[in-house]
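Spelled out from the first residue to the last, the chains are:
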Amino acid sequence: MTDAIRVSRPLPGLDKTLSLEAGRLAQLTDGAVLARLGDTVVLATVTASRSVREGIDFFPLTVDIEERAYAAGKIPGAFFRREGKLSDQAILICRLIDRPLRPSFPKGFRNEIQVVGTVFSADQENPHDILAINAASAALMISGIPFDGPIGAVRMAYSAEGVWRAHPTFAEGDESLFELVVAGRALGEGPDSEIAIMMVEAGGTEGSFERYAAGAPKVDEEALAEGLEQAKTWIRESVELQRELVKSVVAARGPITPLAYETFVDYGDDVLARVEEVGRAGIDAANRLTDKQARAAALDEATAAIQAELAEELAGRAGEIKAAVRSLTKRLVRERIVNEGQRIDGRGLEDIRPLSAEVDLFPMTHGSALFQRGETQVVNVTTLGMPRMRQQLDTITPDEWRRYMHHYNFPPYSTGETGRIGAPKRREIGHGMLAERAILPVLPSESEFTYAMRVVSDVMQSNGSTSMASVCGSTLSLMAAGVPIKAPIAGIAMGLVHEGDRYVTLTDILGAEDAFGDMDFKVAGSADAVTALQLDTKIDGLPADVLKSALHQAKKARLAILAVLEAAIPAPRESVADVAPKIVSFEIPIDKIGEVIGPKGKVINTLQQETGADIAVDDDGVVGTVTIGAKDGRAVDEARRRIEMILDPPTAEVGAVYQGRVVNIAKFGAFINLLPGRDGLLHISKMAPLNGGKRIGQVEDVLELGQTLDVRVDDIDPQGKVSLSLVGDFVETAGAPEAPTSRPTTATSSFEDAFEAELAGEIGELGPRESRSDDGGRSRRGGSSRGRRR
């Protein structure tokens, strides 16, 4: 085994050290780096194919994250007790790694690259996503694969005191108001070189709007811009550490052998020149059509005309002609935006497409809405459920539950195409999580609104930023469902075109503008605070003033969209829909949980069966919580009334007669429920009337669970234990001789009559009852028998 090459660097102002190690694990890969922060350890490996697959016309980069359960000292909870498909969190990390890496490879590079991150240790304090981005970049730096790095990454958390903190722990992140994940690269070699931001993923934390209401500083556009600037310092720390690792590897092993590769072009310069000569006018005219379908049809027609005209001259190069047409289309679109301030559909730079919003689309859903922006259309549906319907997370992070779930679906018909429909792809999961992150800060607390919530966004039509349309639709459907969100949230997608020294920011970009532009920039938030941000750039660096201006331009659009949402539904409904479950939740003493549940769940199961309500009992180690839900509010009220009577049961009275129900059977008797929360014991010695006055062998011979019968309270001892006896004429029912009508038909008299009748049949008359001892059953029967034997 070769010696490991290690470099480390203390993080300034933090009691943490970031370390990178190479040369010990996975030595058959092109590059492998073991990164460590605290006790969280991630291995990133990089492997490249030595040739290009035939016919491939794109860059095949794949990124995978393997979250091993043993890293957190856990055994997987799945049936097979091993890791299965990637969790949503792991897929998000894959996307976080992919987004800054992909534009850092040479243009035309098509060798297959696979990046695999394996989490070996998760200390439940330091997140492994940032570590994985840095490790993947470091592995590429020592691999010999052409890569324009290093790329550094950092997480920033905005505290309740208004301070940005780098590399927060899980707990610090939960306590913060907002979190930023930022990746970038240095544009020079020196320690003071400029950092170009390449990727941002950010969002507010759960409950942050409640803390805003309590006086915490809001995360607005100014605070965001400040956080992005501060992130550059920490990105530089990671970049410098990776460069140090490269130097150490070269010093120990010699120069890194570069990968032999070739780049591919989609078309030759001669093809582009001829396409422009014969087709520029037709393509430019097609691009000025404002309707998407008409524009697409005109572009297809123009492309076909160009191919027909050049078919003989450029025989066998039809693919190059088509690619050159796309390149020319992109250039014409960008020139028109920069020079004329006009976009593909004729809008100005800051114009938003026509907006519409409506709620209550479907009768049986708990909340539904339709949001449309231009040709982008999304249906959103909210479903409310009992707290136990929240998602249990089987991950290696401290997160255990997911109360709010947002799922996004992008069927092929939304773009007018055919395709496979099945499990969600990584893009769909990423868009759903972005929308979830945007809404999470305004959700009510669990104590205020007990429900588990699921929102589904189904894209009906797509022409730009369906994820932000999902955010807008989510606000509508949640308010229609009666969820008391703290503020409505709207989202907008921004774009940027950079030509020379000009930066032109676009509001509400189309799908084509996303593809042809230099930045994809999505912002969601309320009227005065940002709740989510996603940014990807294709250029080296974004000036701070340009970024700040883009943020303010996005806010202007966000306010316009919020006005449309509030016109559709101005505030959350005061109550949930009739078809939604009605839920109440209240606290109970932790020592009363057992009484509510009952032995083997008998009490709670009986309550659910008799009331029709769904009842859940939970505790946090200090206090218990009872949650009751049902579609019928009366069932909820009845279940709560019964539970409250269990907690504070009514008192039984000595001598009173109750109709009880058998709730438990023991060898020595049966426990009879008299009142909610109040049981009494009917001893086996008092059950003979149920067997025709004969001795009982087993309680089960005469009683069964759930059976009802009348009983009298004979005694209540100082501990509250209730002693019962039977009430009623059981002798006649059992077929024994009828008791005298002049005597009361209590259990005691019936038992005495039956007992005397049985003795008389065996040994003769016992004489008048008054002449016998009244000292109790045993002495009375014993004295009589002894006298007869003498």
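Above this text is the structure in question.
Residues numbered from 1 in each chain as written. Predicted model: local features only at pLDDT ≥ 70, side-chain atom pairs only at ≥ 80, totals over all residues. Heavy atoms only, no water.

Undergrad: Sorry if this is basic, but what is going on with the pairing of strand β19 (residues 502–507) here?
TA: A regular strand places its side chains on the two faces of the sheet in alternate fashion. Relative to β19, strand β18 (residues 490–499) is paired through 6 bridges, and the arrangement is antiparallel. Along β19, the bridge assignment pairs E499 with R502. The loop that links β18 with its antiparallel partner β19 comprises 2 residues; one of these, G500, has a positive phi angle of about 65°. (Pairing = 2+ DSSP bridges. Helix = DSSP H or I, 4+ residues; strand = E, 2+ residues; numbered from the N terminus.)

Undergrad: Hey, could you run me through the sheet that holds strand β7 (residues 151–158) in this one?
TA: Whenever strands of a sheet pair, they do so through backbone hydrogen bonds, lying parallel or antiparallel. Taken together, 8 strands build an open sheet; the order of strands is β8-β7-β9-β10-β21-β20-β18-β19 and the sheet is antiparallel. Across the chains shown, the open sheet's two edge strands, defined by having one partner strand only, are β8 (164–166) and β19. Pairwise comparison of adjacent strand axes, ignoring direction, gives a mean angle of 25° for this sheet. Summarising the sheet, strand β9 (residues 178–186) and strand β10 (residues 195–204) pair through 9 bridges and their orientation is antiparallel. (Axes fitted to C-alpha atoms, helices over the stretch in contact; angles between N-to-C directions.)

Undergrad: Is there a simple way to think about the nonpolar core in this case?
TA: Buried together is how nonpolar side chains tend to be arranged in soluble globular proteins. Membership of the largest hydrophobic core comes to 141 residues, with the highest contact counts inside it found for L101, F105, I113, L180, L245 and F521. Here this core gets 12 residues from one element, more than from any other, and that element is helix α5 (residues 221–253). Not counting chain neighbours up to four residues away, the residues in contact with F521 comprise I492, A493, M494, L533, Q534, L535, L547, A550 and L551. If you look at the next biggest cluster of nonpolar residues, it comprises 21 residues, including A656, V662, L682 and I684. (Core = buried A, V, L, I, M, F, W, Y, C linked by side-chain atoms within 4.5 Å. Buried < 20%, exposed > 50% of the residue type's maximum accessible area, 1.4 Å probe, protein only. Contact = heavy atoms within 4.5 Å.)

Undergrad: Explanation requested: helix α15 (residues 633–647) in the structure shown.
TA: It helps to recall that an α-helix has 3.6 residues per turn; residues three or four apart then point in one direction. Its 15 residues place the ends of α15 21 Å apart at the C-alpha level, agreeing with the 21 Å of an ideal helix rising 1.5 Å per residue. Of all the residues in α15, the buried ones are A635, V636, A639, I643 and I646. Down the axis of α15, the buried side of the element spans an arc of 100°, and every buried residue falls inside it. In α15, the exposed positions that point more than 90 degrees away from the buried face belong to R634 and D637. Contacts made by the buried residues of α15 are with β22 (582–589), α13 (593–597), α14 (602–611), β23 (614–619) and β24 (623–630). N-capping of α15 is provided by D632, with a side-chain oxygen placed 3.0 Å from the backbone N of R634. (Expected span 1.5 Å × (residues − 1). Arc of directions from axis to C-beta. Polar contact = N/O pair within 3.5 Å; in protein donor to acceptor, adjacent residues only side chain to side chain.)

Undergrad: What should I look at first to understand the pairing of strand β21 (residues 530–537) in this one?
TA: Most of β21 is tucked away: 8 of the 8 residues are buried. Two strands pair when backbone bridges link them, and β10 and β21 are joined in this way by 5 bridges, in the antiparallel orientation. Paired with M199 across the two strands is D536, which belongs to β21. Between strand β20 (residues 519–525) and β21, which follow one another and run antiparallel, lie 4 residues.

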